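# A closer look at the structure
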Amino acid sequence: MTTQERPIAAPGSPTATTVRGLGLRVRLLIMALVTMALPVLVAAFIDLRKDGLTGWALLAGALMISCLIAYAVGGLIVRPVEALIHDAHVLSAGLSGHRSVIQSSDEVGQLAVALNQMAETMERRTAALADNERRYRFLFDSNPLPMWAWDADTTNILAVNQAAIDKYGYDREHFLTLQIVDLLDPSELDRFSGARLPFSESRQSAGSWMHRTATGKRMEMDVITTSSRRLGRASWLSVGMDITARREAERALARSEEQLRQAQKMEAIGTFAGGISHDFNNLLTGMLGYCDLLLAQLNPSTEAYSDVNEIRALAVRGTELSRQILAVSRKAVLQPAVLDPNAIVLGLDRLLRRLIGEHIELHTHLDSDVGTIRADAGQLEQALLNLVSNARDALPAGGRIDIRVARISPEQRQRFTLDTHTEWTTISVADNGTGMSDDVKAHIFEPFFTTKERGKGSGLGLALACSMVERAGGEIRVESTLGVGTVMHLLLPHLDESVSRPSEGDAEAGSLAGTETILLAEDEDAVRTVATAALERRGYRVLAAADGDAAMAISLAFPGRIALLVTDVVMPGMNGRALADHLVTQRPGLPVLFVSGYTDDDVLRKGITTDERTLLAKPFTSLELARRVRASIDGVTNPG
């Protein structure tokens, strides 16, 4: 029977005398008899030998009197002791508030006082312990952060608070059947095994760990673990804070900072390239124009004709380089149109096959239901050429390149993290070449970044493709695995519009002549001279001006009808936009053809559209100039 189960009775009750109490009383009685009766017994033994029966009677009487006296004296001693034993039993049963009532100055009374003091001390300590336990349970259960206690040896979870139950999704009973490793993501198991410290350490770790919930959701937890013996064994008490959102925000901020640095780099490149290309385009325009004028006068069978034609071809290559630089720097003049992506790929087929060589197979996969897209045709073709060129370089020993045109499925929209409210079309270029590492993939769209040998790549190809797609409202994605291959996806918004048709001005060269008067404003002497000559040879009358003020003066002095204003956008003094506004006021209905080598945001955003009848991009050929002039004049129904 335990202490809690032992019967407790008040002093003097029938059950108050226990076996132990009886044994104590008998022992006291024997002691009293021996102590009190020993002299009498000695004397009576001597007298018995003299008196016979009388002596034995006296001896028996003496023994009885001794027993009565001993019992009375023993009772005086035993009753306080029994009361103390009862009080001790009550205290051992855990009943609070009980005190001994014995009051005396002897040793028993002193024991009673010590017992009462011990009871008071125990009650104070028990109350303090209970208060500490309540505080601990309150802090543990009401803590908004997940907390769990786990065995230091077996790693079994011993206790868990409500916040952890809510965070991880296990019910309490199930939670208490888990081990601490069941909360960790599998990727953290090796790290956890190596991070465990001896229990003597006061704190195991204060770091972030990847955890998994009951549903398999991954979350990053910042965990602090402290040793504890509160649960009666060596255990760890852990508290965790979900930092998933914070880490995602930090990563997003890092990406934004990287994008900002990239944007600043692109802006610096754009400013530099724009300034150089403006002058470079003027030079190329003059070169192309003079070459066209010479070719028109030379016999095609002569060596001079061939030489001039070679010069012209070099100038054309220069125009392509200039356009690439401007496209990457986002300064190029774009003329987007509704295009059929199937037609773009088919139109490049022969060129692409010559580009990649016979050791590489090229397969195209078209989709008749793909619809249309809106982009600058020239830049889209250039982007595809760059992607195929990169795929070719990834196949030095030969292989296969697949160009695929298709609609993006809802599953692919989710995989590519695209706007789910937009229909998308992809033009993808896939190869089974060397692939790329994650480090290379992180930089492939940066201008001038290349993994090719010196002199074998400018690093502008993918940057140009990325710039082209983004300016067309699309996105670019790359999927690559080392040793497996690469897939580049040009993702563009899907349209249901019909394909843009060539303008009526795109006619044969012989039908581009005219007799109208054209006012030409161009500050570059070479461009102004060659443009004037090209138009005059087609029958036009050209009023040439070196700047905006001169053009205004010529318009005021010329009494006849001006059929078209052709003006450079960027000129010293009055720019082309201001000139056009003034002349349209003087001559209502006057059509305007703007000419520009790059997009000057402060000017071109103010009402200048980039369709083919409004803007002519430098560098241009004499034929392109004649076509745009004819188209601009013929497109006016009520000339001024």
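Before reading on, note that the structure itself is shown above.
Residues numbered from 1 in each chain as written. Predicted model: local features only at pLDDT ≥ 70, side-chain atom pairs only at ≥ 80, totals over all residues. Heavy atoms only, no water.

### Quick notes on the pairing of strand 11 (residues 475-481)
Inclusion rule: Here the rule is simple: two strands pair whenever DSSP picks up at least two bridges between them. To qualify as a helix, a DSSP run of H or I must reach at least 4 residues; to qualify as a strand, a run of E must reach at least 2; elements of each kind are numbered from the N terminus.
In the sheet, strand 11 pairs with strand 12 (residues 485-493) via seven bridges, with the strands oriented antiparallel. Across the sheet, residue I476 finds its bridge partner in strand 12, namely L490. Where strand 11 hands over to strand 12, the hairpin turn is made up of three residues, of which G483 adopts a positive phi near 80°.

### Focus: the packing of helix 16 (residues 548-557) against helix 17 (residues 576-586)
Heads up, the rule is: The axes are straight lines fitted to the C-alpha atoms, using for helices just the contacting stretch, and the angles between their N-to-C directions are given from 0 to 180°. Angle categories are assigned with fixed cut-offs, so that under 35 degrees is roughly parallel, over 145 is roughly antiparallel, 65 to 115 is roughly perpendicular, and the rest are oblique. Throughout, a contact is declared for two residues whenever any of their heavy atoms are within 4.5 Å. Side-chain classes follow a simple rule in which Ala, Val, Leu, Ile, Met, Phe, Trp, Tyr, Cys and Pro form the nonpolar group, Asp, Glu, Lys and Arg form the charged group, and the remainder, Gly included, forms the polar group.
Closest axis-to-axis distance for the helix 16/helix 17 pair is 10 Å, and the angle between their directions is 10°. Classified by the interaxial angle, the pair formed by helix 16 and helix 17 is roughly parallel. In this structure, helix 16 contributes G548, A551, M552, S555 and L556 to the contact, and helix 17 contributes L579, H582, L583 and Q586. Counted by class, the contact of helix 16 with helix 17 contains five nonpolar, four polar and no charged residues.

### Some words on unusual backbone geometry
To keep it simple, the criterion reads: Residue exposure (1.4 Å probe, protein chains only): buried if accessible area is under 20% of the type maximum, exposed if over 50%, otherwise partly exposed.
Cis geometry is found at the peptide bond from K618 to P619, where omega equals -5°. At T155, a residue that is not glycine, the phi angle is positive and equals roughly 65°. Within the secondary structure, T155 is located in the loop between strand 1 (147-151) and strand 2 (157-160). Using a relative accessible area of 7% as the deciding quantity, one classes T155 as buried.

### Topic: the side chain of D402
Definition in use: In the analysis that follows, any N or O atom pair within 3.5 Å is treated as a polar contact, provided that within protein one partner can donate a hydrogen and the other can accept it, and provided that, for residues neighboring in sequence, both atoms belong to side chains.
Tracing the backbone through its elements, the reader meets D402 in strand 9 (residues 399-407). Within polar-contact distance, the side chain of D402 engages the side chain of H365 at 2.8 Å. Separated by 2.8 Å, the side chains of D402 and R400 make a polar contact. For D402, the contacting residues outside a window of four places in its chain are H363, H365, S428, V429 and A430.

### Overview of the sheet that holds strand 17 (residues 615-617)
The strand order across the open sheet formed by five strands is 14-13-15-16-17, and the pairing between neighbours is parallel. The sheet is open, and its two borders are formed by strand 14 (541-545) and strand 17, each paired with just one other strand. In this sheet, adjacent strand axes meet at a mean angle of 20° when their direction is disregarded. Two strands pair when backbone bridges link them, and strand 15 (residues 564-568) and strand 16 (residues 592-596) are joined in this way by four bridges, in the parallel orientation.

### Observations regarding a nonpolar patch on the surface
Our working definition: Each patch is assembled from residues with relative accessible area greater than 30% and no salt bridge, linking like charges that lie within 9 Å and nonpolar side chains (Val, Leu, Ile, Met, Phe, Trp, Tyr) that lie within 5 Å. Per-residue and other accessible areas were derived by the Shrake-Rupley procedure at a 1.4 Å probe size, with only the shown protein chains allowed to occlude residues. Each reported salt bridge corresponds to a side-chain nitrogen of Lys or Arg within 4 Å of a carboxyl oxygen of Asp or Glu.
A cluster of nonpolar side chains, contributed by F272, I276, F280 and L283, occupies part of the molecular surface with about 400 Å² of accessible area. Relative to the elements of secondary structure, L283 occurs in helix 7 (residues 244-297).

### A closer look at the pattern of salt bridges
All told, the structure shown has 22 salt bridges when counted by the stated rule. Across the salt bridge formed by D292 and R312, the nearest N and O atoms sit 2.7 Å from each other. Placement of D292 in helix 7 and of R312 in helix 8 (residues 303-328) is noted, with a sequence separation of 20 residues between them. Where K618 meets E522, a salt bridge forms, and the shortest distance between an N and an O atom there is 3.1 Å. Remark: E522 occurs in the loop between strand 13 (517-521) and helix 15 (525-536) and K618 occurs in the loop between strand 17 and helix 19 (622-634); sequence separation between them is 96 residues. Neither residue differs from the other here; K618 and E522 are each classed as buried.

### Quick look at the sheet that holds strand 9
Across the sheet, which stays open at both edges, the five strands sit in the order 7-9-10-12-11 with mixed pairing between neighbours. Where the open sheet ends on each side, the last strands, each with one partner, are strand 7 (360-365) and strand 11. Strand-to-strand twist of the sheet, defined as the mean angle between neighbouring strand axes without regard to direction, takes the value 10°. Inspection of the sheet shows strand 9 paired to strand 10 (residues 424-431) by seven bridges, in the antiparallel sense. For R404, the partnering residue across the bridge sits in strand 10 and is S428. Contacts between helix 10 (residues 349-356) and the sheet are confined to strand 7 and strand 9, with strand 7 contributing the most and set at about 155° to the helix. In the packing of helix 11 (residues 377-393) onto the sheet, the strands contacted are strand 7, strand 9, strand 10 and strand 12, and the crossing angle to strand 10 comes to about 30°.

### Considerations on the environment of A394
Along the chain, A394 falls in the loop between helix 11 and strand 9. Apart from residues lying up to four places away in sequence, A394 is in contact with D431, G433 and T434.

### Re the nonpolar core
The condition that has to hold: Nonpolar core, defined: a set of buried Ala, Val, Leu, Ile, Met, Phe, Trp, Tyr and Cys residues in which side-chain atoms within 4.5 Å join the residues together.
L380, L384, I401, I403, I427, V429 and L490 are the most contacted members of the largest nonpolar core, which totals 35 residues. Among all residues touching I427, those that are not within four sequence positions of it are P341, V345, I373, L380, L384, I403, R404, V405, M488, H489 and L490. Formed by 21 residues, the second largest nonpolar core is a distinct cluster that contains W148, W150, Y168 and L184.

### Focus on the environment of L556
Along the chain, L556 falls in helix 16. For L556, a relative accessible area of 62% puts it in the exposed group. Measuring from C-alpha to C-alpha, the distance between L556 and R587 comes to 10.0 Å, with 31 residues separating the pair along the chain.

### Quick notes on helix 11
Rule in force here: Expected span, for any helix, means 1.5 Å times one less than how many residues it has.
Over its 17 residues, helix 11 runs 24 Å from end to end, which matches the ideal 24 Å to within 8%, given 1.5 Å per residue. Within helix 11, burial applies to Q379, L380, Q382, A383, L384, L385, N386, L387, V388, S389 and A391.

### Topic: helix 17
Filter applied, for reference: Starting at the helix axis, one direction is taken to each C-beta atom, and the arc is that of these directions.
For helix 17, the complete set of buried residues consists of G576, R577, L579, A580 and L583. Burial along helix 17 is one-sided: seen end-on, the buried residues are contained in an arc of 155°. Its side-chain oxygen placed 3.0 Å from the backbone nitrogen of R577, N575 serves as the N-cap of helix 17.

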